[in-house]
Amino acid sequence: MHLGMDIGGTKVETVVLDDKGKLVWQQRIATPKASIEQFLQGIIGEVHAAQDWAGEKLSLGFGLPGAIDTATCLVKNSNIQVVNGHPLHDILSDYFSQPVAVANDANCFALSEAIDGCGAGHEVVFGAILGTGCGGGVVVHQRLLTGPNACSGEWGHNPLPHYSPEHDGPSHLCYCGQHNCVESFISGSGLARQFRLHNEGRGTAEELVLKMREGHPQALALWRQFRNQLARAFANVVNTLDPDVIVIGGGLSGVDELYSDLSAKMAKYIFGGRCVTPVLPAKHGDSSGVRGAAWAGEQVLQG
């Protein structure tokens, strides 16, 4: 059986899957983040709880925001501040005396959907998370690509293709230090930011979607702009990677109006003017991240 752990900024979800991917055990706790010692104690305790229930050795996979620096083996860029600068993979592997997987949460999402989600049976799967931020992951032959810079799939911090102030609004400085990143426009927070620019500084992405569904002209115009921005961003992925399928997760993935004719809109920006790439909502929804962590742990244990 396979343990997967999704370590988020507010909660830690731990599951055990059997070899067929059936959920057989699940538990959640608040994320321990007062110190690295408290964090490790909480994570290790959850693994022990799962192993005690299973009564056998489990493969171990951990997904979290951020990445493992390939040069130093230290965690970087995580919003769980206490883990940054620590060799989390080595600590857990040494403690449990077995190979473990520690992967970015967006990569875990992509792996889950490639193995037994909407990307199952495809050779190249691009997983995109449209949540508070804009993450992504690339899976080829059911194996994650990470790259020497641990940046594979980080499409959210490329510039928005074909950006123009006339169509996309004033230039925006992303927290990463670059201007007009994709994440600044097509994430949930990016959509809310654009809504507030036209709504006296107020509003959320959820409120915009409701107004769009009610037929408010301004909301309809902003939604069309958002879908055009999304089509441009995905077209850039196709021009670079040309995946067999794009699978979307995160809060915005549940908006049905997102998908209608999206591939046709992408075609305008794709070399050759044609697009047959399906864009689909995640099969496993919010569970994709923790399931992907479990599959990553299984792959590491199997070699």
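Scroll up a little and you will see the structure.
Thresholds applied
Residues numbered from 1 in each chain as written. Predicted model: local features only at pLDDT ≥ 70, side-chain atom pairs only at ≥ 80, totals over all residues. Heavy atoms only, no water. Helix = DSSP H or I, 4+ residues; strand = E, 2+ residues; numbered from the N terminus. Rg over C-alpha atoms; globule rule 2.2 N^0.38 Å. Contact = heavy atoms within 4.5 Å. Areas by Shrake-Rupley, 256 points an atom, 1.4 Å probe, with all protein chains shown as cover. Lys, Arg positive; Asp, Glu negative; His and termini not counted. Charge placed at Lys NZ, Arg CZ, Asp CG, Glu CD. Buried < 20%, exposed > 50% of the residue type's maximum accessible area, 1.4 Å probe, protein only. Pairing = 2+ DSSP bridges. Axes fitted to C-alpha atoms, helices over the stretch in contact; angles between N-to-C directions. Polar contact = N/O pair within 3.5 Å; in protein donor to acceptor, adjacent residues only side chain to side chain. Core = buried A, V, L, I, M, F, W, Y, C linked by side-chain atoms within 4.5 Å.

### Section: the overall build of the protein chain
Across its full length, the protein chain carries ten helices and twelve strands. Its C-alpha atoms give the protein chain a radius of gyration of 20 Å, within 12% of the compact-globule value 19 Å for 303 residues. Over its C-alpha atoms, taken along the principal directions, the protein chain stretches across nearly 60 × 40 × 40 Å. Within the protein chain, contacts between residues separated by at least 24 positions form 60% of all contacts whose residues are at least 6 apart in sequence. Just so you have it, the protein chain exposes about 13,800 Å², and 52% of that area is on carbon and sulfur atoms. Of the side chains in the protein chain, 21 bear a positive and 30 a negative charge, and the two mean positions are spaced by 7 Å.

### Here we look at unusual backbone geometry
Positioned with a positive phi, Gln142 is a non-glycine residue whose angle comes to about 65 degrees. For Gln142, the position within the fold is in the loop between strand 9 (134-140) and strand 10 (143-145). Residue classification places Gln142 among the partly exposed residues on the basis of a relative accessible area of 35%. With phi around 60 degrees, Asp261 is a residue other than glycine that occupies positive phi space.

### Section: the sheet that holds strand 4 (residues 59-64)
The mixed open sheet is built from five strands, whose spatial order is 3-2-1-4-7. In this open sheet, the two strands that pair with only one neighbour each are strand 3 (23-30) and strand 7 (101-104). Averaged over neighbouring strand pairs, the angle between their axes works out to 15 degrees when direction is ignored. As judged from the four bridges shared by strand 4 and strand 7, these two strands associate in the parallel manner. By the bridge assignment for strand 7, Leu64 is matched with Asn104. Helix-sheet contacts for helix 3 (residues 105-116) involve strand 1 (2-7), strand 4 and strand 7, and the interaxial angle to strand 7 is about 100 degrees.

### Observations regarding the sheet that holds strand 8 (residues 124-130)
Backbone hydrogen bonds are what pair the strands of a sheet, in a parallel or an antiparallel way. One open sheet holds the five strands; their spatial order is 10-9-8-11-12, and the pairing between them is mixed. The open sheet has two edge strands with one neighbour each: strand 10 and strand 12 (279-281). This sheet shows a mean twist of 30 degrees between the axes of neighbouring strands, independent of strand direction. Summarising the sheet, strand 11 (residues 245-249) and strand 12 pair through three bridges and their orientation is parallel. In the sheet register, Val247 faces strand 12, and the bridge partner there is Leu280.

### Thoughts on the side chain of Ser187
For Ser187, the position within the fold is in the loop between helix 5 (183-186) and helix 6 (188-197). Of note is the side chain of Ser187, whose polar atom sits 3.5 Å from the backbone oxygen of Thr132. What Ser187 contacts, discounting residues up to four positions off in sequence, is Gly131, Thr132, Gly133, Cys134 and Leu252.

### Some thoughts on the environment of His179
Tracing the sequence through the fold places His179 in the loop between helix 4 (165-168) and helix 5. Linking His179 and His157, residues 22 residues apart in sequence, is a C-alpha distance of 9.2 Å. Those residues in contact with His179 that lie beyond four places of it in its chain are Ser171, His172 and Leu173.

### What about the nonpolar core?
With 40 residues, the main nonpolar core has Leu130, Trp155, Ile186, Phe234 and Met266 as its most contacted residues. Where this core is concerned, the elements lending two or more residues are strand 8, strand 9, helix 5, helix 6, helix 7 (205-213), helix 8 (217-240), strand 11 and helix 9 (262-267). Take this core: its biggest share by element is eleven residues, from helix 8. Setting aside residues up to four positions removed in sequence, Ile186 forms contacts with Leu130, Cys134, Trp155, Phe226, Gln229, Leu230, Ala233 and Leu252. Counting residues in each nonpolar core, the second largest holds 27 residues, with Ile7, Val16, Leu40 and Leu92 among its members.

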